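# Close look at the chain arrangement
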Amino acid sequence: SNMLDWQRTAFHFQPKKNWMNDPNGPVFYKGWYHLFYQYHPDAPVWGKIVWGHAVSKDLINWRHLPIAMETDQWYDEQGVWTGSATILPDGQLVVLYTGSTNESVQVQNLAYPADPSDPLLIKWVKYPGNPVLVPPPGIDTKDFRDPTTAWKTPEGKWRITIGSKINKTGISLVYDTEDFKTFELLDGLLHAVPGTGMWECVDFYPVSKQNENGLDTSVDGPGVKHVVKASMDDDRNDYYAIGTYDAHKGKWTPDNPTLDVGIGLRYDYGIYYASKTFYDQSKQRRVLWSWIKETDTEASDINKGWASLMGVPRTIVLDKKTQSNIIQWPVEEINRLRTNMTVFKNIVVEAGSIVPLSIPAASQLDIVAEFEIDEKTVNRLNGDDVGYDCVKNGGAAERGALGPFGFSVLATEGLKEHTPVYFYVAKGVDGNLQTFFCADQARSSTANDVDKSIYGSIVPVLKGEKLSMRILVDHSIVESFAQEGRTCITSRVYPTKTINNNARLFLFNNATATKVTASINVWQMNSAHI
Ligand code: DQQ
């Protein structure tokens, strides 16, 4: 066993060893959730990538299976890269994935289960006619990757989209097919945004305007909006936008052009990349998976023998109240790991104070909390509180009238190490209140070779809503959700002194004007079988 073993997580998916990146082809098939993933079996750094494979009955406990696809063909010799699964009407499964060829050209390939009656889908067959798509004229051979799950066109064909770029414009190409072997390139693009660079791992799916259930990828109609997500190779973040899809033209238009893909909203304001959704027909929900990379050094990854996690899968719905953002929430199955609840009711935290929360151990937690500020102090906001920005301001240590306040997780007794996750209430240039949700990694570790950025963004708070947050703490990862999942932040942290049950949890209020009243439920989290 290794000195750094404590950094392994208790309820986040990860292989036993070596490197993982993007989630691939997530699907629910014959009673099992399947997760494939970009895997480098030989080292804890990126390299010749194959498809790792694991299955689960509940999205929480996982069984590792043999590698599903290796680099054994000329058309994927340099890597079996990212792809997606589609369930056909007869229940059969097909996968399209990107191969990096023997000459490092990006092509799309078809694969299917060797034995469709095997619920574990252990053996995969690559279509002998591969590749089924090569880069079209005008597209660079290294800018053509990550096919989506297919959806139905009004004519009854299948349609997919594939990310690319032309000069600095990020684009998504559209293809129609009837058999996943021959494809027709549409004249128009699904969408394009100047200045955003290469679009990796594009995702495209419908969300219901009225209902809380998720929608199968082919669902369309007046009760539906469509989300486009792209992973921006230039800044390594996952951006999404909500808009309208014209199925006849194969074209999507954002509701708000100032919040377009790559210039507007992010799934997550921390570490979150190459994510992919799938429709879970067993629970009528859309589930989001994402790769959470390391933010320590490559040398540390080699030392610990593994790199990367998957985020806890999240359900995705449109925010019915705002209609202008999605809501992400850990899948309900994660609640089964909750044990030993401690309740703290109406704890008053005076301006400039910190309250230790007495719980047995604090490295595996689910924290759910509501906060109220003293309404009478809102008029104490002044010019200094205009134009706040989590990333550019001074983090949890910089005091304002109405913030920051929240939790310090993975903290040591004397706060030599701690990761604050907090709200900050400020004033917009229009004079209205604005609430920010941030996570400050500056003091997360006494090690000096790890990322110590501050993350965060604005979070919509509607009239009559209390401020609320949920935080999942799991050794070296902290996933934080504000206002029921309107704004999310994932942190990788590497505390050196909170290991072996030394971790503490604190409530803090670093505001100068307001006291804060907090009501909190904290659960210890059991470990999943992974
Ligand atoms: N990772 C894969 C590519 C994809 C990138 C290669 C995104 O298919 O574009 O490992 O992280």
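## Focus on the overall build of the protein
Of regular secondary structure, the protein possesses 1 helix and 36 strands. Across the 530 residues of the protein, 52% fall into the buried class. Considering only contacts in the protein between residues 6 or more positions apart, those separated by 24 or more positions represent 62%.

## What to know about the sheet that holds strand β1 (residues 18–29)
In spatial order, the strands read β4-β3-β2-β1-β21; together these 5 strands make up an open sheet with mixed pairing. The sheet terminates laterally at β4 (63–69) and β21 (306–307), the two strands that pair on one side only. Both β1 and strand β2 (residues 32–40) contribute to a ladder of 7 bridges, which runs antiparallel. Among the inter-strand pairings, asparagine 24 is bridged to a residue of β2, identified as phenylalanine 36.

## Quick notes on the sheet that holds strand β8 (residues 124–126)
For sheets, the rule is that strands pair by backbone hydrogen bonds, running either parallel or antiparallel. Sheet architecture is open: 4 strands sit in the order β5-β6-β7-β8, paired in antiparallel fashion. Among the strands making up the open sheet, the edge pair consists of β5 (79–87) and β8. The average undirected angle you get between the axes of adjacent strands in this sheet is 30 degrees. Pairing geometry for strand β7 (residues 106–113) and β8, over 3 bridges, is antiparallel. Bridge pairing in β8 places tyrosine 112 opposite valine 125.

## A look at the confidence of the model for the protein
Looking at the protein as a whole, the pLDDT averages 96, with 99% of positions reaching at least 70. Both scores are available for the predicted complex, with the pTM at 0.98 and the ipTM at 0.99.

## A closer look at the site of the ligand
The environment of the ligand is made up of 13 residues, and the closest members are Gln38, Trp81, Thr82, Glu200 and Ala274. At the level of secondary structure, the elements contributing two or more residues to the shell around the ligand comprise β1, β5 and β14 (199–208). Considering only residue class, the shell around the ligand consists of 4 nonpolar, 5 polar and 4 charged.

## With respect to the pairing of strand β28 (residues 402–411)
The element β28 is largely enclosed, with a buried count of 10 among its 10 residues. Bridge count for β28 against strand β29 (residues 419–427) is 6 bridges, and the pairing is antiparallel. Each residue of the ladder has a partner; that of phenylalanine 405, found in β29, is phenylalanine 423. Two strands pair when backbone bridges link them, and β28 and strand β35 (residues 504–509) are joined in this way by 5 bridges, in the antiparallel orientation. Within β35, the residue paired with alanine 411 across the bridge is arginine 504.

## Let's talk about the nonpolar core
Of all hydrophobic cores here, the largest spans 148 residues; its most connected members are Tyr240, Val409, Phe423, Phe436, Cys438, Ile471 and Val478. Aside from chain neighbours lying at most four places away, what touches phenylalanine 423 is Phe371, Gly403, Pro404, Phe405, Gly406, Thr435, Phe436, Phe437 and Leu467.

## Overview of the environment of tryptophan 523
Along the chain, tryptophan 523 turns up in strand β36 (residues 516–525). Contact partners of tryptophan 523, with chain neighbours within four places excluded, come to Arg338, Thr339, Asn340, Met341, Leu365 and Asp366.

## Focus on unusual backbone geometry
Across the junction of asparagine 130 and proline 131, the peptide omega takes the value 0 degrees, indicating a cis bond. Locating proline 131 in the fold gives a position in the loop between β8 and β9 (151–152). That bond from glycine 403 to proline 404 is cis: its omega, 0 degrees, falls within 30 degrees of zero. Topologically, proline 404 is positioned in strand β28. Residues other than glycine seldom take positive phi values, yet asparagine 346 does so here, at roughly 45 degrees. Within the fold, asparagine 346 resides in strand β25 (residues 338–349). One non-glycine residue, glutamate 484, lies in the positive phi region at around 60 degrees.

## A word on the environment of leucine 59
Tracing the backbone through its elements, the reader meets leucine 59 in the loop between β3 (50–56) and β4. Separated by 272 residues in sequence, leucine 59 and valine 331 have C-alpha atoms that sit 8.1 Å apart.

## Digging into the environment of alanine 241
Looking at where alanine 241 falls in the secondary structure, it is placed in strand β16 (residues 237–246). Assessed through the 26 C-beta atoms surrounding it within 10 Å, alanine 241 is described here as buried. If near-sequence neighbours (up to four positions away) are discounted, alanine 241 is found in contact with Val228, Pro254, Leu259, Asp260, Val261, Gly264 and Leu265.

## Digging into the pairing of strand β15 (residues 224–232)
Looking down a regular strand, the side chains alternate between one sheet face and the other. With 7 of 9 residues buried, β15 lies mostly within the body of the structure. As paired strands, β14 and β15 are joined by 8 bridges and run antiparallel to one another. Paired with tryptophan 199 across the two strands is methionine 232, which belongs to β15. One ladder, built from 7 bridges, connects β15 with β16; its direction is antiparallel.

Reading the values: rules and limits
- Residues numbered from 1 in each chain as written.
- Predicted model: local features only at pLDDT ≥ 70, side-chain atom pairs only at ≥ 80, totals over all residues.
- Helix = DSSP H or I, 4+ residues; strand = E, 2+ residues; numbered from the N terminus.
- Buried ≥ 20, exposed ≤ 12 C-beta atoms within 10 Å, placed from the backbone.
- Contact = placed C-beta atoms within 7 Å.
- Pairing = 2+ DSSP bridges.
- Axes fitted to C-alpha atoms, helices over the stretch in contact; angles between N-to-C directions.
- pLDDT = per-residue confidence, 0-100.
- Near = placed C-beta within 6 Å.
- Nonpolar A, V, L, I, M, F, W, Y, C, P; charged D, E, K, R; others polar.
- Core = buried A, V, L, I, M, F, W, Y, C linked by C-beta atoms within 7 Å.

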